[in-house]
Structures are given as structure tokens and as C-alpha cells.
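# Coordinates in review
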Number of protein chains: 2
Amino acid sequence: MLKKLEEHACHGGALVIYEHASEALNCDMKFSVFLPPQITDGKRPAVMFLAGLTCTHDNFTTKAGAYKKAAELGLIIIAPDTSPRGSDVPDDDNYDFGKGAGFYVNATQKPWNKHFHMESYITDELYNIIHRELPVREGRLGIMGHSMGGHGALTLYFKYPEKFVNCSAFSPIVAPAEVPWGRKAFKGYLGEDKTKWIKHDACALVREFDTIESPMILIDQGLGDQFLTEQLKPELFETACKDAGQALKLRLHEGYDHSYYFISSFIEDHLTHHAEVLSA
Amino acid sequence: MLKKLEEHACHGGALVIYEHASEALNCDMKFSVFLPPQITDGKRPAVMFLAGLTCTHDNFTTKAGAYKKAAELGLIIIAPDTSPRGSDVPDDDNYDFGKGAGFYVNATQKPWNKHFHMESYITDELYNIIHRELPVREGRLGIMGHSMGGHGALTLYFKYPEKFVNCSAFSPIVAPAEVPWGRKAFKGYLGEDKTKWIKHDACALVREFDTIESPMILIDQGLGDQFLTEQLKPELFETACKDAGQALKLRLHEGYDHSYYFISSFIEDHLTHHAEVLSA
């Protein structure tokens, strides 16, 4: 049961905030949906945006400046939260683990394994909700994300090609098994066994992926991003895509950082990228 | 002395957050500036955006989605805070008075008269700073605002036509001397004498204004705005403009509310409105 918390007219369509009791996460969750004006004529293609560390559903919703273009293109945009929420949910003192840092995996380690099932939440529970309760056209869902959410978008695209038919990312963590943010999260959520980690590592997954039918992946990365060399390493994904035969457009932008000012500067290109595949 | 707190590449230009010690307000203040890419070729026209109750410099900056169009038009945008700030500054328990609610007047009543001089801050101190320290072209400054900031934009435009050459507003408080928000603020900041209040009331000011040379004022108002009938009353300003001979384009939008989703839906029209006058 979706509970509508807010609804705002926006660019001829509507921005709606929903809350629901999540079975996958054992807590109440919020997400936002932009419904373009074209839904009055029937179901529309949709894109899910997965946010980065510390974010909720709200960051993309208020800061990305995406809805003018989405209204033009007739795209639905769904922005979920980044972790389970609520006072029952365990947390960590640091910003890069626990709440706000679900990393889009299903945790197997205590105490995280009771709530931190963001992979199932996104790909199963929320996926079913948006197709059942919202005017999302069957077989027309793309996925994109930023930073940790870029990792989520890439890995869930590779793991669930029957659900997500197109992918793009801003400043994604492409090799989480190799960088501090990812290693910390995977160790905490999945345990010490690194063979479990690479099942959630975009650079590893693309090498196993059937790239023949896969559309080009669009990635934007700022060269002024403070996390570029330690956490993001887009060159690793460039090499992995080349090895795997995955078409990739990696755009490097002089001076741009890791913020939503960067995302808002290029979001329209991502929406166009998704609309081209999803409307085909 | 401006201290740069943040700088982000944004739509080919830059979004900068400055802090400075304000003499007018007796405290440190922050404001944001969007610098379009065209400043590399020289000074540019600018628009100041005055925000509404509870806001800081940050709300417009992160939520309005204004900078893509500003970059296209070559417009600088300055977004100040809405009141003095800091632990020395007196406050009120309610959202509509004290901090976040400066109402763009110079308070004469204790304890507010030590800090609450937003009229002087905007029209004198900040006005001089942006012309001295930033690439703002002389004689090419417009003013716009939302709600309490719409009141600020209209009244400061009417009081300082030599400084602000164009004006627009979203959901402005047009008759503060007649509505609860304005009466509470004016009583607190200016005292019981209502002859002082009407010197800060857009409906009263436009009747005294030299409208012959004044460009058309653009106002957007949502018809789903919860404050429409009690606090905003755009019909009063429509009548006042008609009486005064002031050209007004008042657009009423079915379903839109008082939020930044509304502002972001129509901000590009306001920037175009300002660019047309400021670039002439």
C-alpha cells in the first residue's frame, strides 16, 4: 500500500512523494516519482535514479533539475532512498556505512542482514510496486545513479538485464572491490570472502555480461572530483568495457566536482540517452 | 572582504558561495552567485533573487533549476539570505518573524533594530559589493523573489528604481500592510504606526511610482497555493497596477502550489523576462 505524502504540480506533470512498508527492508521507506504530463495518454517509459552516500530520496528530487526535460521527453523518474531507515535500523558512526550507505547489496552479516537488502528492494519489491501501482510501461525501465548509486545502477543493470534495459551513471564507483568505500561496505555487509564482493563489482560483472545486445552505457565524470583517483577510477571501467566489448561513452569534464551542480549540468543528456533507448 | 566558501563548476560557469562581515546587519552573511560562462568576455547583467520565509541563500541555489538558462542568457544570479544570522541575533519562536523572516525592511523597534536592516543590506551594502567585487555590469541589475521575497523584490524595485531596472515575482506578498504575515512583521520591526507600514507595501508603492518608464512586471502565481487567499491576494496588486498605469503580466497557474517545484517550473520565463530588459 502506497501512502502519498506530498504531491506538487511540476513542469506540467506532478512530483509525488510516497511512503510504504517495505518487506525487503523491514521498515517504512519513501521514494519520489515524477509523472510527466503524457501519462494522461497511457503508460510511459521510466528511469530509476539511485543516489549516493548520505543521500535520501530527496537529494535528486530537489537538486538535479531533471523534471523539465523529463516532462518534454515523457519520462517517469523514480528516486528511491539509499538504505533502510528508522530507529530500529542499525547504523554506523561514519557516513560511508550503515544508514545512507546501503550499497545496493543484500547484507548477509549481522546486524545488517535484518534490514540492509537494498538489492532486493530495488530489483524486486520497488520494481514490482512501480509496475503495479504507477503508469510505468512494461519492459521500458532504465537505471542511472550517482557515485554509490552509479555503482548500484551499473551492477543491477548487469545482474538484472531482464528488468533494466538501459544504464547511465554520474561519477560511479566502478570497482568497489578495489577501493576503500566499497571494501569497507562489502566487508561489513557481505563478510571477508572476496569472491562474494566481485559479484557486486561493475568491472568484474561487465566481463561476464552478454554485451552484444547491450546499448551504449553513458558515464559522466568530473575531473575536479575529490574522489576521482582514490574511490572512482573510471579508467578501470573503461578497460573492462573494452575487454568485454561493452559500448561505453565516458565523458570527462574539466573542473566539475562530485556535487549535484555537476549532475544538474549534464542530467538532460542522461535523460535523452534513456529516452532514445526506452522509446525505441 | 568576501570569503569564498565554495565554488562549483555548473553549466559551463560557476556557482560560488561567499561569506562576508555585514556592516548593515552586524553579523556574518552568506550569499550565492552564479557566474555564467560569458564573464570571460566582460561584465554581465545580473538578477538578484530574494527568497521567502524560512529560507537561506541555499534554497533558490539548490532547488530552482535556474542555472542552465542563466548560462544560456549570460545572466549572473545573486541569491542572498533572508535575515541576519548568528547566535547574537534575536529570534522568535515562529517561522514568520525573526531569523529567516527579515521582510526586507530596516527595523526601528527593539530588539530587532540592531541587526534587522535587510533593506539597507540588499540595496546598499550587497548592491555595492556585487558591483565592486563581481563582474556585474553597471545599470543592469534586475530583482525577483518568492513570497516574502516577492514582496522584497516589488517594494525595493519601486523604492530604488535607480538601482533595479526590472522586476518579477513568484507568489509575492503584494499587500503586507493588509495580511497577517506582513502585519505581524511590520508591527514587530516598525512599530504600531501604520503610516510606516505602507512605505513597504507594494500595492501602496506602485500608486506613487513613475510607471511611464517602468517595464512590465511579470508575476506567476499558483492557484493551488495554500497561502493564496489569506496572505498573497494577487488581485489587489492587479487593481493597484491598473490604477497606477503599471504594466503587469499576472499569470495564474492551475494546480501549482507555493513550493520550489512551482518556481522551477517557470523560472526560465523569469530569466528571459529579465534578460530582455537587461540586455537591451
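Described below are features of the structure shown in this document. (Residues numbered from 1 in each chain as written. Chains lettered and ligands numbered in written order. Predicted model: local features only at pLDDT ≥ 70, side-chain atom pairs only at ≥ 80, totals over all residues. Heavy atoms only, no water.)

## Observations regarding the sheet that holds strand β5 (residues 76–80) of chain B
Residues and elements named next belong to chain B. Pairing within the open sheet is mixed, and its 9 strands lie in the order β1-β2-β3-β5-β4-β6-β7-β8-β9. The strands lining the two open edges of the sheet, one partner per strand, are β1 (3–10) and β9 (248–253). When the angles between neighbouring strand axes are averaged without regard to direction, this sheet yields 20 degrees. Across 9 bridges, the pairing between strand β2 (residues 13–22) and strand β3 (residues 27–35) is antiparallel. When the bridges of β3 are listed, Tyr18 appears paired with Phe31. Of the strands in this sheet, β8 (217–222) and β9 are in contact with helix α9 (residues 234–244), which crosses β9 at around 160 degrees. On top of the sheet, helix α10 (residues 260–278) reaches β4 (44–50), β5, β6 (136–146), β7 (166–170), β8 and β9; it is set at about 170 degrees to β7, its chief contact. (Pairing = 2+ DSSP bridges. Helix = DSSP H or I, 4+ residues; strand = E, 2+ residues; numbered from the N terminus. Axes fitted to C-alpha atoms, helices over the stretch in contact; angles between N-to-C directions. Contact = heavy atoms within 4.5 Å.)

## Here we look at the packing of aromatic side chains
With the rule as written, the count across this model stands at 44 aromatic pairs over all chains. Arranged with centres 4.8 Å apart and planes meeting at 15 degrees, the rings of Phe34 of chain A and Tyr67 of chain A form a pair that is stacked. In this pair, Phe34 of chain A is assigned in strand β3 (residues 27–35) and Tyr67 of chain A in helix α2 (residues 67–73), connecting sequence segments 33 residues apart. For Phe34 of chain A, a relative accessible area of 0% translates into the label buried. Their ring planes at 25 degrees and their centres at 4.1 Å tell us that Phe49 of chain B and Phe60 of chain B sit as a pair that is stacked. In this pair, Phe49 of chain B sits in strand β4 while Phe60 of chain B sits in helix α1 (residues 58–63), placing the two residues 11 residues apart along the sequence. Positioned above the aromatic ring of Tyr127 of chain A, the side-chain terminus of Lys163 of chain A is 4.8 Å from the ring centre. (Phe/Tyr/Trp six-rings, centres within 6.5 Å; stacked < 30°, edge-to-face > 60°. Buried < 20%, exposed > 50% of the residue type's maximum accessible area, 1.4 Å probe, protein only. Lys NZ or Arg CZ within 6 Å of the ring centre and 35° of its normal.)

## Quick word on unusual backbone geometry
Outside of glycine, negative phi angles account for most residues, and trans bonds account for most peptide bonds. Residues and elements named next belong to chain A. Put simply, Lys110 and Pro111 share a cis peptide bond, and its omega is -5 degrees. Checked against the element boundaries, Pro111 lands in the loop between β5 (76–80) and α3 (118–133). Phi at Tyr104 takes a positive value of approximately 60 degrees, unusual for a residue other than glycine. Inspection of the secondary structure puts Tyr104 in the loop between β5 and α3. A residue is classified by how much of its surface remains accessible, and Tyr104, at 1% relative accessible area, is buried. Of note in this structure, Ser147 is not a glycine but carries a positive phi near 60 degrees.

## So, the interface of chain B and chain A
Between chain B and chain A, the residue contacts involve 20 residues of the former and 20 residues of the latter. Viewed at the interface, chain A and chain B are joined by 2 salt bridges. The residue Glu268 of chain B makes a salt bridge to Lys68 of chain A at a minimum N-O spacing of 2.9 Å. On the surface where chain B and chain A come into contact, there are 12 residue pairs in polar contact (both at pLDDT 80 or more). With 5 residues, α10 of chain B is the single largest residue contributor to the side of chain B that touches chain A. (Salt bridge = Lys/Arg side-chain N within 4 Å of Asp/Glu carboxyl O. Polar contact = N/O pair within 3.5 Å; in protein donor to acceptor, adjacent residues only side chain to side chain.)

## Looking at the pattern of salt bridges
According to the stated counting rule, one finds 26 salt bridges over all chains in the structure shown. The salt bridge partner of Asp193 of chain B is Lys196 of chain B, with a shortest N-O separation of 3.7 Å. On the basis of relative accessible area, Asp193 of chain B is assigned to the partly exposed category, the value being 35%. On the basis of relative accessibility, which here comes to 42%, the residue Lys196 of chain B falls in the partly exposed class. Linked through salt bridges whose partners overlap, the residues forming this network are Lys68, Lys69 and Glu72 of chain A together with Glu268 of chain B.

## Considerations on the sheet that holds strand β9 (residues 248–253) of chain A
All names here are of chain A. The strand order across the open sheet built from 9 strands is β1-β2-β3-β5-β4-β6-β7-β8-β9, with neighbouring strands paired in mixed fashion. Every other strand in the sheet has two partners, leaving β1 (3–10) and β9 as the edge strands with one partner each. With strand direction ignored, the average angle separating the axes of adjacent strands in the sheet is 20 degrees. When β1 meets strand β2 (residues 13–22), the two strands line up antiparallel, connected through 7 bridges. Bridge pairing in β2 links Glu7 to Val16. Most of the contacts of helix α4 (residues 148–159) go to strand β6 (residues 136–146), to which it runs at about 140 degrees, and overall it touches β4 (44–50), β6, β7 (166–170) and β8 (217–222). Each of β8 and β9 touches helix α9 (residues 234–244); the most contacted strand, β9, lies at about 160 degrees to it.

## A look at the relation of the copies chain B and chain A
Placing chain B over chain A gives an RMSD of 0.0 Å and needs a rotation angle of 180 degrees, together with 0.0 Å of translation along the axis. Both copies are brought into coincidence by an operation consistent with a two-fold rotation axis. Mapped onto chain A, 100% of the interface residues of chain B again fall at the interface, so both copies present the same surface. (Least-squares fit on C-alpha atoms with pLDDT ≥ 70 in both.)

## Quick look at the pairing of β4 of chain A
Residue and element names in this part refer to chain A. Where burial is concerned, most of β4 is hidden: 7 out of the 7 residues are buried. Pairing of β4 with β6 involves 6 bridges; the strand directions are parallel. Among the inter-strand pairings, Leu50 is bridged to a residue of β6, identified as Gly145.

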